[in-house]
Structures are given as C-alpha cells and as structure tokens.
Amino acid sequence: MNSANTPLLETERLILRKFTENDLEALFNIYSNEEVNTYLPWFPLTSLEEAASLYRESACQAIIGFGGGSAMDCAKGVGARIAQPNKPINKMRGLLRIHRRLPLLIAVPTTAGTGSEVTLAAVITDDETHYKYPINDFVLIPRFAVHDSEFTCGLPASITGQTGMDALTHAVEAFIGRSTTPYTRKMARQAVQLIHDNLLEAYEHGDDMCARRNMLSAAYKAGVAFTRSYVGYVHAIAHSLGGRYGIPHGLANAIILPHMLRAYGEAAAPKLADLARMAGVTRAAVSRTLAHLEEGGYVEVDDSGDAAVKYRAPVRLTALGGESMSEADRIIREVLDTTGKAMGVEQREQMYASLRTILNTLREI
C-alpha cells in the first residue's frame, strides 16, 4: 500500500513472518530487506537509501523502527536522510552532523541488547567498503519507544545471549569511562544487576516473560547510560570486526570485553570491583573465570558469578571460523580514527600497542 501520510515501517523479513503481512500493509508502507537475517547481521547502506526512497515516494509522515538494533538504526538513518536530503549519510559520521529535526520516529525493539530505542547513535555499514561507523546526534533519539516483551519471546537462544552481552558491554563501558555522572552510573549499575540476574534465565527459558521484561529494561537502562557517558574501545573494535568480517555485534563485544578489561588493568579495577560486589560476584569466582580465560576458554557468566556451561561465547576469533586477522593494523587504524583523535602521540602509541596485543591474542598467536 502506498498512500500519503502512512508511516514507514522499517523492519526485518523474519519479523514480518510472525504477522499477517496483508494486515500490516493496510496500515504501513513496509520496508524490509530479504538479505537481513539470512546472511547479514545488519542493514547495508544500500537498504537505507532504498527505504528513504520509499518514504519519499509514499509521502510518509513518520518512521517506525520495528526489530533489532539494525532495524532501528536503519530507521534512524532514513530519518537523517529525510532531514538532510542533500547530505550523504557518510558526511553525517561523527557527532552532531545532522542538525535538523527528523520526522516522527518510533522505536519498537524486538531484542534486548542495543538500547537503540533510547540512544543518540546509529551504526551504519557501508556494504562496498565494509566500513562500519556511528552517526551521533540528539535528533536521532526516538520520540517514542515501545517495550513489549512478547516481541522478544521468539528470539533464538544465541541471539538472546549475544544481544544481552551487548547490553552488558554498554553498561560496563559507560560505567568505567571518564564521562560518567551520578545518573549514568546509577543506570549502568541497575543494568548490570538486571543482566546478571536475568540473562541466563532468558537464554535457557525463552518463554520466561519476567526475564524477558527485565532484559528489555536492562538494555534500556544501559542505553541511557552509554548515550550520555559513551562507550569505549570494546565497541570500537567490535564495529571494525563486524564491518570487515560480518561478526554479529553482540558476539564481537562478548569476545573482546574480557581482553580489553584486562588491558585497562588497574585503571579500571576499582570501578569493576564496584560492579562485581553489587552483582554478588566473589573474588574466588573472578579468579576462576580469569584463569579459564587464560586457558583459552569461554566468556561465561551464571547466576552465582562463576563459570557457566550454558551460555558460551568463544573468546578467540578463530573459533568463529572466519577470515584471518591479517588486516590487524588496518583495524587498529580504524579504531584509533574513531576514538583516538584527542590523544597525544605517546598515548596513541601506547594504545596502538595494547590493541595490537589484544588482536594477536584473538588470533591465537
């Protein structure tokens, strides 16, 4: 249906299969991409432009991002292109490059992880260069967010785990960063506690609506925390790996997080200890988990803080069966280009060495 004033529904083909598409078409101009969820874990840039064209052709007046983080980010990107029709999306990369108000934007998350329904960020992937980059502007924060745990109920366990680890990474990086406030620290703590208490339950028992609701709340709170306090090198590396090798974002975060936290060392230790005490993670449990990581094991969390055997994310990139990390230097340059512009020469060289060590560890060198 292509009628004026009908909202543009930005979603994913697998989500549409849960509904009677004819009924939806009576209410919305629907854009989805057949490739998404089949072999791509994101909406490519070409899809964003196609959706923006549909918005213009159908004289839409609002945008609904209905799906996971990729669908919501694509909806934000469409809004940005509508607000700035003569400005390519790559020219909006970075902070505050849109400047104009978007059409009414509504976000309906179907995963509990990205928190995109409350953040000022959208992650864009150029499908030609495989470069993944964020655009950040306050106008990208959706006007309304709809949380309905029923929409997360059918998620496969793997996606439940990966998106939950994305939310955890948001909360941890927002908490240990240097731009925190009492409010963002509070939200990050609450998110970590909710994830600690509910992620494994949601992973093992996908029909547990209490766990599903709590994970949606955790993702929201983590989103609130990081959209004000930002994320760090874990996300920067995950974006580069996701764009270049197609690794789902939450899985990349889960792989990288323990290595990056170890690289931070004593600088992050007091804040991490704060989170560990709050979540009830004991010193003995932390020691056993770190020892397991040193042996090349898995990132594992359970309801006692000890090593879990159920939700397992491979620590090393070779476990993904993907391409080798021969382009490590290029990835590091991308990371530092995103996060290291304000660094001095010595600090930049130190961070380069740390990132190189992490990537070498992930290669099993």
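Refer to the structure presented above.
It should be emphasised that the depicted structure is a prediction, and the values quoted were computed from it without experimental measurement.

Draft legend 1. Representation of the overall build of the protein. Each helix and strand in the protein was counted, giving 13 helices and 10 strands. A total of 365 residues make up the protein; the buried ones form 53% of that total. For the protein, contacts bridging at least 24 residues in sequence account for 70% of all contacts bridging at least 6. By element, 52% of the accessible surface of the protein is carried by carbon and sulfur atoms, the whole surface being about 16,200 Å².

Draft legend 2. Layout of the packing of aromatic side chains. Counted by the stated rule, this structure contains two aromatic pairs. Summarising the aromatic geometry, the rings of Phe 66 and Phe 151 are spaced 5.1 Å apart at their centres and angled 70° between planes, so their arrangement reads as edge-to-face. Taken as a pair, Phe 66 in strand β3 (residues 62-67) and Phe 151 in the loop between β8 (144-145) and α5 (157-176) lie far apart in primary sequence, 85 residues in all. Among the residues examined, Phe 151 registers a relative accessible area of 25% and is labelled partly exposed.

Draft legend 3. Here's a closer look at helix α7 (residues 209-229). For α7, with 21 residues, the first-to-last C-alpha span of 30 Å sits near the 30 Å given by 1.5 Å per residue. Counted residue by residue, α7 has 15 buried out of 21 residues, so it is predominantly covered. Between the side-chain oxygen at the start of α7 and the backbone nitrogen of Cys 210 there is a gap of 3.1 Å, and the oxygen is on Asp 208. Following α7 by one or two positions, Tyr 230 adopts a phi angle in the positive range, close to 75°.

Draft legend 4. Structural detail: the side chain of Arg 212. Turning to its location among the elements, Arg 212 is positioned in helix α7. It turns out Arg 212 is buried and unbridged, and the closest side chain with the opposite charge, Asp 207, is 7.6 Å from it. Of the polar contacts made by the side chain of Arg 212, one reaches the backbone oxygen of Thr 152; its length is 3.4 Å. Every residue in contact with Arg 212, bar those within four places of it in the chain, is listed here: Ser 149, Thr 152, Cys 153, Leu 155, Thr 160, Ala 202 and Gly 206.

Draft legend 5. Local environment of the sheet that holds strand β7 (residues 131-136). Spatially, the three strands line up as an open sheet ordered β4-β7-β6, and their pairing is mixed. Of all the strands in the sheet, just β4 (94-95) and β6 (121-126) have a single pairing partner and so form its edges. Looking at chain direction, β4 and β7 are connected through two bridges and run parallel. Within β7, the position partnered with Gly 94 by the bridge is Ile 135.

Draft legend 6. Structural view of the packing of helix α6 (residues 182-204) against helix α10 (residues 269-279). One can describe the packing of α6 onto α10 by two numbers: an axis separation of 9 Å at closest approach and a directional angle of 45°. Classified by the angle between their axes, α6 and α10 sit oblique to one another. Viewed along their axes, α6 and α10 form a crossing whose handedness is right-handed. Here α6 contributes Arg 189, Val 192, Gln 193 and His 196 to the contact with α10, which in turn contributes Asp 274, Leu 275, Met 278 and Ala 279. Classifying every residue of the contact of α6 with α10 by side-chain character gives four nonpolar, two polar and two charged.

Draft legend 7. View of the pairing of β6. With five of its six residues buried, β6 lies for the most part within the structure. Direction of pairing for β6 relative to β7: antiparallel, over a ladder of six bridges. When the sheet's bridge partners are listed, Ala 122 is paired in β7 with Ile 135. Here β6 folds back onto β7 in antiparallel fashion, the turn holding four residues, of which His 130 has a positive phi close to 60°.

Draft legend 8. Local environment of a nonpolar patch on the surface. On the surface, Leu 95, Leu 96, Phe 138 and Ile 141 cluster together into a nonpolar patch covering about 370 Å² of accessible area. If you trace the backbone, Leu 96 turns up in the loop between β4 and β5 (104-109).

Calculation notes
Every residue gets a number counted from 1 within its own chain, in the order that chain's sequence is written. For this predicted model, a pLDDT threshold of at least 70 governs which residues receive local features, and a threshold of 80 or more governs which side-chain atom pairs are given and counted, while totals over whole chains, interfaces and linings are taken from all residues. As a rule here, side-chain values cover all heavy atoms of the structure and leave hydrogens and water aside. Every helix listed is a DSSP run of H or I at least four residues long, and every strand listed is a run of E at least two residues long, numbered separately from the N terminus. For the exposure calls, accessible area comes from a 1.4 Å probe over protein chains only, and a residue counts as buried if that area is under 20% of its type's maximum, exposed if over 50%, partly exposed in between. Residue contacts are counted whenever heavy atoms from the two residues lie within 4.5 Å of one another. For the area figures, the Shrake-Rupley method with a 1.4 Å probe applies, and any residue is considered shielded solely by the protein chains shown. Any pair of Phe, Tyr and Trp rings, taking the six-membered ring for Trp, is counted once the centres come within 6.5 Å. Such a pair is stacked with planes under 30 degrees apart, edge-to-face with planes over 60 apart, and tilted for the rest. Helices are assigned an expected span. That span is 1.5 Å times one less than the residue count. A 3.5 Å cut-off defines polar contacts: any pair of N or O atoms within that distance qualifies, except that in protein one atom must be a possible hydrogen donor and the other a possible acceptor, and neighbouring residues in sequence count only when both atoms are side-chain atoms. Counted charges follow a simple rule, with Lys and Arg positive, Asp and Glu negative, and His plus the chain ends left uncounted. Just to be clear on terms, a salt bridge is a Lys or Arg side-chain nitrogen sitting within 4 Å of an Asp or Glu carboxyl oxygen. By the convention used here, strands pair only if DSSP detects at least 2 bridges between them. Working convention: axes come from line fits to C-alpha atoms, limited for helices to the stretch in contact. Angles between N-to-C directions cover 0 to 180 degrees. Here is the rule for angles: anything less than 35 degrees is roughly parallel, anything more than 145 is roughly antiparallel, 65 through 115 is roughly perpendicular, and the remaining ranges are oblique. Two helices that cross are described as forming a left-handed crossing if the nearer one is turned anticlockwise from the farther one by less than a right angle, and a right-handed crossing if clockwise. Each residue is assigned to one class: nonpolar for Ala, Val, Leu, Ile, Met, Phe, Trp, Tyr, Cys and Pro, charged for Asp, Glu, Lys and Arg, and polar for all the others, Gly among them. Residues enter patches when they are more than 30% accessible in relative terms and free of salt bridges; like-charged ones are connected within 9 Å and nonpolar ones (Val, Leu, Ile, Met, Phe, Trp, Tyr) within 5 Å.

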